[in-house]
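One letter stands for each residue in the lines below.
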Amino acid sequence: MKNIYLDIDGVILLDDLKNRGRGALHLGFFLSHLAYNQQKGSYTINWLTTHCKDGSDKRLFEYLKSNKVHQHDYDLIEKMKIRPTTWKELKTEAIDFSEDFLWFDDDASLQEKEILYKHKVEHKLIEVNLQKDKNQLQAILHSGMIGKVPWVDEYPNYLGWKEKV
Ligand SMILES: [Mg+2]
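Residues numbered from 1 in each chain as written. Predicted model: local features only at pLDDT ≥ 70, side-chain atom pairs only at ≥ 80, totals over all residues.

J.: I'd like a rundown of the overall build of the protein, residues and numbers included.
T.: A tally of regular secondary structure across the protein gives five helices and four strands. Secondary structure elements in the protein, listed N-terminal to C-terminal, are β-α-β-α-α-β-α-β-α. Its C-alpha atoms give the protein a radius of gyration of 15 Å, within 12% of the compact-globule value 15 Å for 165 residues. Out of the 165 residues belonging to the protein, those deemed buried represent 32%. (Helix = DSSP H or I, 4+ residues; strand = E, 2+ residues; numbered from the N terminus. Rg over C-alpha atoms; globule rule 2.2 N^0.38 Å. Buried ≥ 20, exposed ≤ 12 C-beta atoms within 10 Å, placed from the backbone.)

J.: If you had to explain the sheet that holds strand β3 (residues 101-105) to someone new, which residues and values would you point to?
T.: The four strands are arranged β2-β1-β3-β4 in an open sheet whose pairing can be described as parallel. On the outer flanks of this sheet lie β2 (44-47) and β4 (125-127), each paired with one strand and no other. Neighbouring strand axes in the sheet, compared pairwise and without regard to direction, differ in orientation by 20 degrees on average. Pairing of β3 with β4 involves three bridges; the strand directions are parallel. Across the sheet, Trp103 pairs through a bridge with Leu125, a residue of β4. (Pairing = 2+ DSSP bridges. Axes fitted to C-alpha atoms, helices over the stretch in contact; angles between N-to-C directions.)

J.: So what's going on with the nonpolar core? Which residues, and what values?
T.: Judged by nonpolar contacts, the single largest core of 35 residues is most densely connected at Tyr5, Leu6, Ile12, Ala24, Leu34 and Trp103. For this core, the secondary-structure elements that each account for two or more residues are β1 (3-6), α1 (27-39), β2, β3 and α5 (136-143). Tallying contributions element by element places α1 first for this core, with six residues. Look past the residues within four positions of Leu34 in its chain and what remains in contact with it is Ile4, Ile45, Met80 and Ile146. (Core = buried A, V, L, I, M, F, W, Y, C linked by C-beta atoms within 7 Å. Contact = placed C-beta atoms within 7 Å.)

See the structure below:
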């Protein structure tokens, strides 16, 4: 896999009325998996969210800061240097279809899904629904789809960050 595309609301942050803005359950483990496998060169992680559609992640970090994300999750997200993407109408504009990818989103539109079908990659959209399954991020990382678990390699700081040596 070359690219991971990551939405924010409803995927890494809860968006139901009661918990809006809180980090999803298991977010620390989810981010650790992504960070670890990105460091190993398994894939590149890209933002695919309305909070960042002009190629700049400035607003996105302001948004995260103004929400109720745990500080250690925020710090890890900052260190991961997730790539901002550019798109106007449809998120699929930012997807590189020439490379393998996984796209995590809670709310892909019908039009976006049609484009995935056209490219025969509809299975690469992982539909997240944290209101149906609050443990879905854990299920995703246990499935192995986002790579190896950090602690198999005795990743010394799997909930934090290991500087690349
Ligand atoms: Mg969303």
